[in-house]
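These are the residues of each chain, in order.
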Amino acid sequence: MSTNRAPVRAYFLRRLWQKSSHIFAGSLIQGFAMGVFLFPHSIPSGGGAGIAVLLNYWFGMPMSLGLWLTNISFLLFAVHYLGRISAIGTIMVITVTSVSVNYFDVYFHSPFANVWINLFIGSLFLGIGISILFRERVTNGGIGFVALAIAKRKRINPGSALFWMNGGIFLLTAIVIDWKIIIQALLCQWLSTRIVKWLHTPSVIGKRPLYFMAWRRK
């Protein structure tokens, strides 16, 4: 019996390692986009990031800490509706992203001074990171968990719930700090979403997603 279980156990551990490494990589790339290109210009990449920007503006709280607290709070609010197991990957995403935001904010700086160039490059990396996370079926933040919970309870489209939640936070951030932020935030959302959609489109070669080439199973 133990001999028969050995291959199953080895396969399970291999898949667990692959999934964890992919989640770590996606979170790291997402943190890189925020810490180097987006947050230095107060551009929120999502609703949780928008609240982190506000906490930094009002109380001087580090972006990384504000991002972690906000997303964990959203996650704890929604975990009752979606279950603990599905929250584990999101907790890993939130933690790795927040730590990497702090690291990249301290040790790396964008070589570009123009805010729109930083917005474009940050959105590009953000879309890549989110795409990797979506492949592993985890959300890229706690607010996405809340949107799923609302959609499940109210029986509405989760995309609509997420859009209105993020839109409200972006609007508040723009009112408090600068009206340009809502334009930049929406543009960031649009660009990163386009990247996610593009990376999930089957490539001509082998009809596989483009990111599959970088994260192929062995």
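Residues numbered from 1 in each chain as written. Predicted model: local features only at pLDDT ≥ 70, side-chain atom pairs only at ≥ 80, totals over all residues. Heavy atoms only, no water.

Observations regarding the packing of aromatic side chains
Under the defined criterion, the tally for this structure stands at nine aromatic pairs. Their ring planes at 85° and their centres at 5.0 Å tell us that Phe32 and Phe125 sit as a pair that is edge-to-face. Here Phe125 lies in helix 5 (residues 115–135) and Phe32 lies in helix 1 (residues 2–38), a separation of 93 residues in the sequence. Look at Phe125 and you get partly exposed, because its relative accessible area is 28%. Each ring, one from Phe37 and one from Phe125, has its centre 6.1 Å from the other, and the planes form 5°; the classification is stacked. Taken together, the residues Phe37 in helix 1 and Phe125 in helix 5 connect sequence positions 88 residues apart. The rings of Phe32, Phe37, Tyr103, Phe104, Tyr107, Phe108 and Phe125 are connected pair by pair, giving a single aromatic cluster. (Phe/Tyr/Trp six-rings, centres within 6.5 Å; stacked < 30°, edge-to-face > 60°. Helix = DSSP H or I, 4+ residues; strand = E, 2+ residues; numbered from the N terminus. Buried < 20%, exposed > 50% of the residue type's maximum accessible area, 1.4 Å probe, protein only.)

Considering the nonpolar core
Residues Met34, Leu38, Phe39, Leu67, Leu126 and Cys188 are the most contacted members of the largest nonpolar core, which totals 16 residues. For this core, the elements supplying multiple residues, two or more each, are helix 1, helix 2 (47–59), helix 3 (63–82), helix 5 and helix 8 (180–199). Apart from the residues lying within four places of it in its own chain, the contact partners of Met34 are Phe39, Pro40, Ser45, Leu67, Thr97, Val101 and Leu126. Ranked by size, the runner-up nonpolar core spans 11 residues in total, among them Phe74, Ala87, Ile94 and Ile169. (Core = buried A, V, L, I, M, F, W, Y, C linked by side-chain atoms within 4.5 Å. Contact = heavy atoms within 4.5 Å.)

Let's talk about helix 5
Here helix 5 spans 30 Å end to end across 21 residues, near enough to the 30 Å set by a 1.5 Å rise per residue. Between the side-chain oxygen at the start of helix 5 and the backbone nitrogen of Trp116 there is a gap of 2.8 Å, and the oxygen is on Asn114. Within two residues after helix 5, Arg137 carries a phi angle of roughly 60°, on the positive side. (Expected span 1.5 Å × (residues − 1). Polar contact = N/O pair within 3.5 Å; in protein donor to acceptor, adjacent residues only side chain to side chain.)

Concerning the side chain of Asn71
Assignment of secondary structure puts Asn71 in helix 3. Contacts of Asn71, omitting those with residues within four sequence positions, involve Gly48, Ile94, Gly141, Gly142 and Ile143.

Details of the confidence of the model for the protein
Mean pLDDT over the protein works out to 82, with 85% of the residues at or above the 70 mark. Note on residues 203–218: pLDDT under 50 across the span, and 26 contacts to partners over four residues away in sequence or across chains. (pLDDT = per-residue confidence, 0-100.)

Remarks on the packing of helix 5 against helix 8
Describing two packed helices takes the angle between their axes plus the distance from one axis to the other. Close contact between helix 5 and helix 8 brings their axes to 8 Å; oriented N to C, the two are set at 45°. The angle between helix 5 and helix 8 places the two elements in the oblique class. Here helix 5 and helix 8 pass one another in a crossing that is right-handed. Across the interface between the two elements, Val115, Trp116, Leu119, Phe120, Ser123, Leu124, Leu126, Gly127, Ile128, Ile130, Ser131 and Phe134 of helix 5 pack against Gln184, Leu187, Cys188, Leu191, Ser192, Ile195, Val196 and Leu199 of helix 8. (Axes fitted to C-alpha atoms, helices over the stretch in contact; angles between N-to-C directions. Parallel < 35°, antiparallel > 145°, perpendicular 65-115°, else oblique. Left-handed = near helix turned anticlockwise from the far one by under 90°.)

Overview of helix 6 (residues 142–154)
Each turn of an α-helix holds 3.6 residues, which means side chains three or four residues apart point in the same direction. For helix 6, built from 13 residues, the straight-helix expectation of 18 Å at 1.5 Å per residue is met to within 8% by its first-to-last C-alpha distance of 18 Å. Phi for Arg155, located one or two positions after helix 6, is positive at around 60°.

As for the pattern of salt bridges
Counted according to the given criterion, the structure contains two salt bridges. The residue Arg135 makes a salt bridge to Glu136 at a minimum N-O spacing of 3.9 Å. The exposure class assigned to Arg135 is buried, which follows from its relative accessible area of 16%. Counted as one network, the salt bridges with shared partners bring together Lys19, Arg135 and Glu136. (Salt bridge = Lys/Arg side-chain N within 4 Å of Asp/Glu carboxyl O.)

Concerning unusual backbone geometry
Although it is not a glycine, Ser42 adopts a positive phi angle of roughly 60°. Positionally, Ser42 belongs in the loop between helix 1 and helix 2. Residue Ser42 is classed as partly exposed on the basis of its relative accessible area, which comes to 22%.

Re a nonpolar patch on the surface
Nonpolar side chains collect at one region of the surface, where Tyr57, Trp58, Phe59 and Leu172 lie side by side and expose about 490 Å² of accessible area between them. Checked against the element boundaries, Tyr57 lands in helix 2. (Patch = residues over 30% accessible without salt bridge, like charges linked within 9 Å, V, L, I, M, F, W, Y side chains within 5 Å. Areas by Shrake-Rupley, 256 points an atom, 1.4 Å probe, with all protein chains shown as cover.)

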